[in-house]
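# Reading the structure
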Amino acid sequence: MNDEEAVPRREVRRSSAVLIALIATVVLVVIVALVVVFTREGAQSYPADSPEGVVQRYAQAVVDGDIDQALGHLVPEDAEDCDRLETSGADHRITLVRTSDRGDTARVEVIVTEVIGGGLFGPDEYQSDAVFALTRVDGLWKLDVVPWQFVICAESGMP
């Protein structure tokens, strides 16, 4: 073999090694991405006795149409005087923004996302800022004020 044939063979080997390394890197990135997607946790669940947990459970009960469960999270006066409304059945998501706890009262600020319809380009989403206000009653957090999207009682002092 002469020197002229040796140079192209080295270049071919080098090109093959680079190509193999590139393919291996792409395969590794795809595997890592799949592992992340399939092992990530769902929505965070907050402790039931926290303001965030009360909001989370109340909102889920309303979305599920379980009004009896939802009533258990309201201050007793509102729950007792509740003239029940039909829930909209709309698809809502809540994103926690911040919680302010001041001893016996708390505010849970959220972003409410409502998914509407399924138009030509997919469903529309509407987002709004909202606040849940809570009061501690007999050591338990109860809802005083809920956003309009989650109102279940007519004329109960709820906005």
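It should be emphasised that the depicted structure is a prediction, and the values quoted were computed from it without experimental measurement. (Residues numbered from 1 in each chain as written. Predicted model: local features only at pLDDT ≥ 70, side-chain atom pairs only at ≥ 80, totals over all residues. Heavy atoms only, no water.)

### Considering the overall build of the chain
- Helix and strand counts for the chain come out as four helices and six strands.
- Walking the chain from its N terminus toward its C terminus, one meets helices and strands in the order α-α-α-α-β-β-β-β-β-β.
- When the 159 residues of the chain are sorted by exposure, 30% land in the buried category.
- Sequence separation of 24 or more characterises 44% of the internal contacts of the chain that already satisfy a separation of 6 or more.
- Counting only carbon and sulfur atoms, one obtains 55% of the accessible surface of the chain, whose full area is about 10,900 Å². (Helix = DSSP H or I, 4+ residues; strand = E, 2+ residues; numbered from the N terminus. Buried < 20%, exposed > 50% of the residue type's maximum accessible area, 1.4 Å probe, protein only. Contact = heavy atoms within 4.5 Å. Areas by Shrake-Rupley, 256 points an atom, 1.4 Å probe, with all protein chains shown as cover.)

### Digging into the sheet that holds strand 3 (residues 105-116)
- The strand order 2-3-4-5 describes an open sheet built from four strands, whose pairing is antiparallel. Taken across any chain shown, the strands that pair with only one partner, and hence form the sheet edges, are strand 2 (91-101) and strand 5 (140-145). Averaged over all adjacent pairs, the angle separating strand axes in this sheet is 35 degrees, with direction ignored.
- Pairing of strand 2 with strand 3, which is carried by 10 bridges, proceeds in the antiparallel orientation. Counted as the bridge partner of Arg 93 is Thr 113 from strand 3. (Pairing = 2+ DSSP bridges. Axes fitted to C-alpha atoms, helices over the stretch in contact; angles between N-to-C directions.)

### Quick look at unusual backbone geometry
- Even without being a glycine, Asp 138 presents a positive backbone phi close to 50 degrees.
- Within the element layout of this structure, Asp 138 appears in the loop between strand 4 (124-137) and strand 5.
- Classification of Asp 138 by relative accessible area gives exposed; the value is 81%.

### Some remarks on the pattern of salt bridges
- Tallied over the full model, the rule gives five salt bridges.
- A salt bridge links Arg 93 to Glu 125; the shortest N-O distance between them is 3.2 Å. One end of the pair, Arg 93, is in strand 2; the other, Glu 125, is in strand 4, with 32 residues separating them in the sequence.
- With a relative accessible area of 39%, Arg 93 lands in the partly exposed category.
- Between Glu 109 and Arg 98 there is a salt bridge; the shortest N-O distance is 3.6 Å. Taken together, the positions of Glu 109 in strand 3 and Arg 98 in strand 2 put the pair 11 residues apart, joining distant regions of the chain.
- Among the charged side chains, a salt-bridge network with shared partners connects Arg 98, Arg 107 and Glu 109. (Salt bridge = Lys/Arg side-chain N within 4 Å of Asp/Glu carboxyl O.)

### A word on the pairing of strand 3
- Hairpin remark: strand 2 followed by strand 3, antiparallel, with three residues in the connecting loop; positive phi at Gly 103, about 85 degrees.
- As paired elements, strand 3 and strand 4 share 12 bridges and run antiparallel to each other. Counterpart to Thr 105 in the pairing with strand 4 is Thr 135.

### A closer look at the packing of aromatic side chains
- Following the criterion strictly, the structure yields one aromatic pair and no others.
- Ring centres of Phe 132 and Phe 150 lie 6.0 Å apart, and the angle between their planes is 45 degrees; on these two criteria the pair is classed as tilted. Here the residue Phe 132 occupies a position in strand 4, and Phe 150 occupies one in the loop between strand 5 and strand 6 (153-154), the gap between them amounting to 18 residues. For the residue pair Phe 132 and Phe 150, the accessibility class agrees, reading buried in each case. (Phe/Tyr/Trp six-rings, centres within 6.5 Å; stacked < 30°, edge-to-face > 60°.)

### Here we look at the confidence of the model for the chain
- For the chain, mean pLDDT is 81; residues scoring 70 or higher make up 77% of the total.
- When mean pLDDT is taken per element in the chain, strand 5 scores highest with 96 and helix 1 (residues 3-39) scores lowest with 65.
- Confidence drops under pLDDT 50 across residues 37-41; counting only partners more than four residues distant or on other chains, this segment forms zero contacts. (pLDDT = per-residue confidence, 0-100.)

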